[in-house]
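Geometric and topological summary
Here is what each chain is made of, one letter per residue.
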Amino acid sequence: MIRKIAIFILIIFYLDSSNAIAGKRKVLLIGIDGVRSDILMNMHLYNFEFLSKNGFGTFQSYHRDICISAPSWSSILCGVYHTKHGIVDNSFQGKNYKNYPMLPVMAKNIDPNLKFGMYMEWERFYNNSLSMEWDELRLGKMADTKKTVVESKDWLKNSDLDFYFIYFGAVDYWGHRLGFSKWNPCYKNALKDVDKGISELLSAL
């Protein structure tokens, strides 16, 4: 079961109109915590399927490290496993972000002009990211997908960063409370809401 409960990531590269001539690439990273890939595939949600068919994706990946939210998101943003970033559970005890920092710190060592932003529903992760040189760090409300979508749309339209990370936590939230199961309507509805939210974010781009 634990292999099927995963973090779902969408990475979208785009050019906004003001930078189209210069060809300046932007990155939007959408993270959805707690997704069971088998349930997602069987639901046939439009925007997930559209992106998987028109981009690159796989449901056959294997998580080689600790399959818990804080270690996993840290591995994604730091580029190393828990043996280096030090996080083994959601307490963040033992973190070693000083020696293995998040992407903004590393990227700015190469190009100090790059701008990074994170919209995070999970307050604990937000608090542990404050010293990681995010140019814009926004705190949402856990499992409030509507709030995340509304505020992130406005953020995308009215800012000019190089990298945006938007985190959705509702799927994981309802999975922990009522089960990561196809019989849990709150879990499936959370996936549907995030799918609709993705559509709105793409429209905002």
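Our subject in this report is the structure included herewith. (Residues numbered from 1 in each chain as written. Predicted model: local features only at pLDDT ≥ 70, side-chain atom pairs only at ≥ 80, totals over all residues. Heavy atoms only, no water.)

**Considering the side chain of E121**
- Within the element layout of this structure, E121 appears in the loop between β3 (116–120) and α6 (123–127).
- Within the structure, E121 has its side chain in polar contact with the side chain of T148 (distance 2.6 Å).
- Beyond its immediate chain neighbours, meaning those up to four positions away, E121 contacts L139, G140, K141, M142, A143, D144, T145, T148, Y167, F168, G169 and A170. (Helix = DSSP H or I, 4+ residues; strand = E, 2+ residues; numbered from the N terminus. Polar contact = N/O pair within 3.5 Å; in protein donor to acceptor, adjacent residues only side chain to side chain. Contact = heavy atoms within 4.5 Å.)

**Notes on the pairing of strand β2 (residues 26–36)**
- Counting buried residues along β2, eleven of its eleven residues qualify, which places the element largely inside the surrounding structure.
- Pairing of β2 with strand β5 (residues 163–168) involves six bridges; the strand directions are parallel. By the bridge assignment for β5, L28 is matched with Y164. (Buried < 20%, exposed > 50% of the residue type's maximum accessible area, 1.4 Å probe, protein only. Pairing = 2+ DSSP bridges.)

**Here's the deal with helix α8 (residues 170–178)**
- Of the positions making up α8, those classed as buried are A170, V171, D172 and G175.
- Its buried side turned inward, α8 meets β2, α3 (69–78), α7 (145–157), β5 and α9 (185–204).
- Positive phi shows up at G179, right after α8, with a value of about 110°.

**Re the packing of α7 against α9**
- For the pair α7 and α9, the least separation of the axes is 9 Å and the interaxial angle reads 10°. Our classification of the angle between α7 and α9 gives roughly parallel. Where α7 abuts α9, its residues T145, V149, S152, K153, L156 and K157 lie against D193, V194, G197, E200, L201 and A204.
- Classifying every residue of the contact of α7 with α9 gives five nonpolar, three polar and four charged. (Axes fitted to C-alpha atoms, helices over the stretch in contact; angles between N-to-C directions. Parallel < 35°, antiparallel > 145°, perpendicular 65-115°, else oblique. Nonpolar A, V, L, I, M, F, W, Y, C, P; charged D, E, K, R; others polar.)

**Observations concerning the pairing of β5**
- In terms of residue burial, β5 counts as a mostly covered element, since six of its six residues are buried.
- A two-sided burial pattern is seen for β5, the buried positions comprising F163, F165 and Y167 on one face and Y164, I166 and F168 on the other.
- Across four bridges, β3 lies against β5 in parallel orientation. Bridging from a neighbouring strand, F116 pairs with F163 of β5.

**Some words on the pattern of salt bridges**
- Evaluated as defined, the whole model comprises eight salt bridges.
- Each of the salt bridges in this network shares a partner with another, and the network as a whole consists of K26, D160 and D162. (Salt bridge = Lys/Arg side-chain N within 4 Å of Asp/Glu carboxyl O.)

**Points about unusual backbone geometry**
- You will see that F92, though not glycine, has its phi angle at about 65°, which is positive.
- Residue position: F92 is located in the loop between α4 (82–85) and α5 (103–110).
- A positive phi angle, close to 70°, is found at A143, a residue other than glycine.
- Among the secondary structure elements, A143 is positioned in the loop between β4 (136–139) and α7.
- You can call A143 partly exposed: its relative accessible area is 22%.

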